[in-house]
Amino acid sequence: MIKPAARRHLCSQSAKPRGQGPLHRSLRDFRPSTTNPEDPMLTNFGWKSLKLFLSKKQREETKVYRLLSDTFGHYRSLVEGRPVDAQGAEIPWYCYPAIEFLDGLELSGLSVFEYGSGNSSAFFASRGAVVTAIEHDREWFEITSQRLAGLDGFAIHHATEAKEYAERPEINDADLVVIDGTHRVPCVDFVTAEIGAGRAKPALIVFDNSDWYPETISRLEHALGWWRVDFCGFTPINTYTQATTVFLNPERNIRRLGPIQPTGGHKKISIEELGQHGKGRPAPQ
C-alpha cells in the first residue's frame, strides 16, 4: 500500500513530461554506483526519496542500513570486493566490532605475527606495527608481496607444509598473534606450547572465523586460560555475520589510544559524568 504522502508525490508528476520532475530524478538516483566505489549506495536525495514510501518506523530503520552501508563502508567493500572502510583504507576481514576494538589500541611499535596475510597486514602496518606473515597459497603470497612491498616493517614468507607453516620462530617476539589462515590446529598447538614454555608472551591472540572452528577455539581457550572475548557482527563484503575471538593475556596490557569512539555513535557525555567533573564542563580526555 502506498502511503498518502507518496501518493500525492506521484500524482503531482502526472502533468509533467516524461523524464522530468523529482520522481524521475529519484529513480535515477536510486541506482547504486557500479563504476565508482567511492560513491555511497544511494545519494542523499535517493535516501530522502526512498523515505516517501516508508512508515515512520521504517524510515528510522533506514538509518541503520545507511550506517552500515556508508559510514562503515560495507557497500564500498562489496563493490571493490575487498575489505576496506568508507574512505577506501584497507581493514581486516574481521567482524566490525573486532576491527573497532583493535583500531582503538596503540599498535605503533608492536610486533605482529599473522598466520595468513592480506588487508589485515596492511591495517597493522599502517598503524606502525612491525608485521610478519606466513602464507600457504602461492598466488596470494605473490599478490600480497607485491601489493604491500612498500610498507615499512612488513615481511611475508611462504610455506605449505603444516610443520613449516605453524612452527614459526617469529612467534617468540610477537606482541600480537593472528590465527587466520590454514593448519589452525597445528598453529594453536605450537603457539600454546611456546607460551607454556615461556618462550612467547604475546599480549593478544586474534582468532578469526571462530564460529567456524568451535573445537579449535575451545582447544585454544583451555590451553591458554586467558580472558576470552567473542566479537560478533557483520563483516566487510559479506552479507552475513561472523565471530572474531580475541584472547587477552592477563599479565600484559596494550595501551588504548583514547576514549571509546564507536563508528556512527553519538559523541555525548552523560549528565552523570559531567556532574562528577564540574557542572557544564566535559570529562577530561
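Residues numbered from 1 in each chain as written. Predicted model: local features only at pLDDT ≥ 70, side-chain atom pairs only at ≥ 80, totals over all residues. Heavy atoms only, no water.

Chemist: Please set out the overall build of the chain residue by residue, giving values where relevant.
Modeler: Each helix and strand counted, the chain has twelve helices and seven strands in total. Looking at the chain alone, contacts between residues at least 24 apart form 54% of all its contacts between residues at least 6 apart. Of the roughly 16100 Å² of accessible surface on the chain, 54% is carried by carbon and sulfur atoms. (Helix = DSSP H or I, 4+ residues; strand = E, 2+ residues; numbered from the N terminus. Contact = heavy atoms within 4.5 Å. Areas by Shrake-Rupley, 256 points an atom, 1.4 Å probe, with all protein chains shown as cover.)

Chemist: I'd like a rundown of the side chain of Thr 144, residues and numbers included.
Modeler: Here Thr 144 is to be found in helix α8 (residues 138-147). Judged by its relative accessible area of 0%, Thr 144 is buried. What Thr 144 contacts, discounting residues up to four positions off in sequence, is Ser 117, Gly 118, Phe 154 and Ile 156. (Buried < 20%, exposed > 50% of the residue type's maximum accessible area, 1.4 Å probe, protein only.)

Chemist: Explain helix α7 (residues 119-126) residue by residue, including any values.
Modeler: Counting buried positions over the eight residues of α7 gives seven, a clear majority of the element. In the core, the buried residues of α7 are packed alongside α6 (96-103), β1 (111-115), β2 (130-135), α8, β3 (154-158) and β4 (176-179). Just past α7, the residue Gly 128 takes up positive phi, approximately 95°.

Chemist: Can you explain the nonpolar core? Please cite residues and give values.
Modeler: If you look at the biggest cluster of nonpolar residues, it comprises 31 residues, and the most contacted ones within it are Tyr 94, Leu 102, Phe 124 and Leu 176. Contributions of two or more residues to this core are made by α6, α7, β2, β3, β4 and β5 (204-208). In terms of nonpolar packing, the next biggest core, distinct from the first, is built from 23 residues, Tyr 115, Val 177, Val 191 and Ala 200 among them. (Core = buried A, V, L, I, M, F, W, Y, C linked by side-chain atoms within 4.5 Å.)

Chemist: Account for the confidence of the model for the chain, with residues named and values stated.
Modeler: Here the chain shows a mean pLDDT of 85. Residues at 70 or above account for 81%. Below pLDDT 50 for its whole length, residues 1-33 participates in 40 contacts with residues either more than four positions away or in separate chains. (pLDDT = per-residue confidence, 0-100.)

Chemist: Give a description of the sheet that holds strand β7 (residues 241-248) that names residues and reports values.
Modeler: As summarised here, the arrangement of the seven strands in space is β3-β2-β1-β4-β5-β7-β6, forming an open sheet in which the pairing is mixed. In this open sheet, the two strands that pair with only one neighbour each are β3 and β6 (227-234). Sheet twist, expressed as the mean angle between neighbouring strand axes with direction ignored, is 15°. (Pairing = 2+ DSSP bridges. Axes fitted to C-alpha atoms, helices over the stretch in contact; angles between N-to-C directions.)

Chemist: Summarise the packing of helix α10 (residues 184-196) against helix α11 (residues 214-224); cite the residues concerned and give the values.
Modeler: Relative placement of two packed helices is described by the angle separating their axes and the distance separating the axes. Where α10 contacts α11, the axes come no closer than 10 Å and their chain directions differ by 5°. Taken as axis vectors, α10 and α11 run roughly parallel relative to one another. Where α10 approaches α11, its residues Arg 184, Val 185, Val 188, Asp 189, Thr 192 and Ile 195 are matched on the opposing element by Thr 216, Arg 219, Leu 220, Ala 223 and Leu 224. Of the residues contributing to the contact of α10 with α11, the split by class is six nonpolar, two polar and three charged. (Parallel < 35°, antiparallel > 145°, perpendicular 65-115°, else oblique. Nonpolar A, V, L, I, M, F, W, Y, C, P; charged D, E, K, R; others polar.)

Chemist: So, the packing of aromatic side chains: which residues are in play, and what are the values?
Modeler: As enumerated under the stated definition, the model contains six aromatic pairs in all. Note on Phe 113 and Tyr 115: the rings are 5.0 Å apart at their centroids and 85° apart in plane angle, and the pair reads as edge-to-face. Residue Phe 113 shares its accessibility class with Tyr 115, and that shared class is buried. When the centroid spacing of 5.8 Å and the interplanar angle of 75° are considered together, the rings of Phe 207 and Tyr 213 count as edge-to-face. What makes Phe 207 buried here is its relative accessible area of 0%. (Phe/Tyr/Trp six-rings, centres within 6.5 Å; stacked < 30°, edge-to-face > 60°.)

Chemist: An account of the pattern of salt bridges is requested, with residue identities and associated values reported.
Modeler: If charged atoms from side chains of opposite charge come close, those side chains can pair. Inspection of every chain in the model, using the stated rule, returns 17 salt bridges. Here Asp 70 ties to Arg 66 by a salt bridge, and the two come within 3.6 Å at their closest N and O atoms. Here the residue Asp 70 and the residue Arg 66 both occupy positions in helix α4 (residues 56-71), the gap between them amounting to four residues, near one helical turn. By relative accessible area, Asp 70 is classed as buried at 19%. (Salt bridge = Lys/Arg side-chain N within 4 Å of Asp/Glu carboxyl O.)

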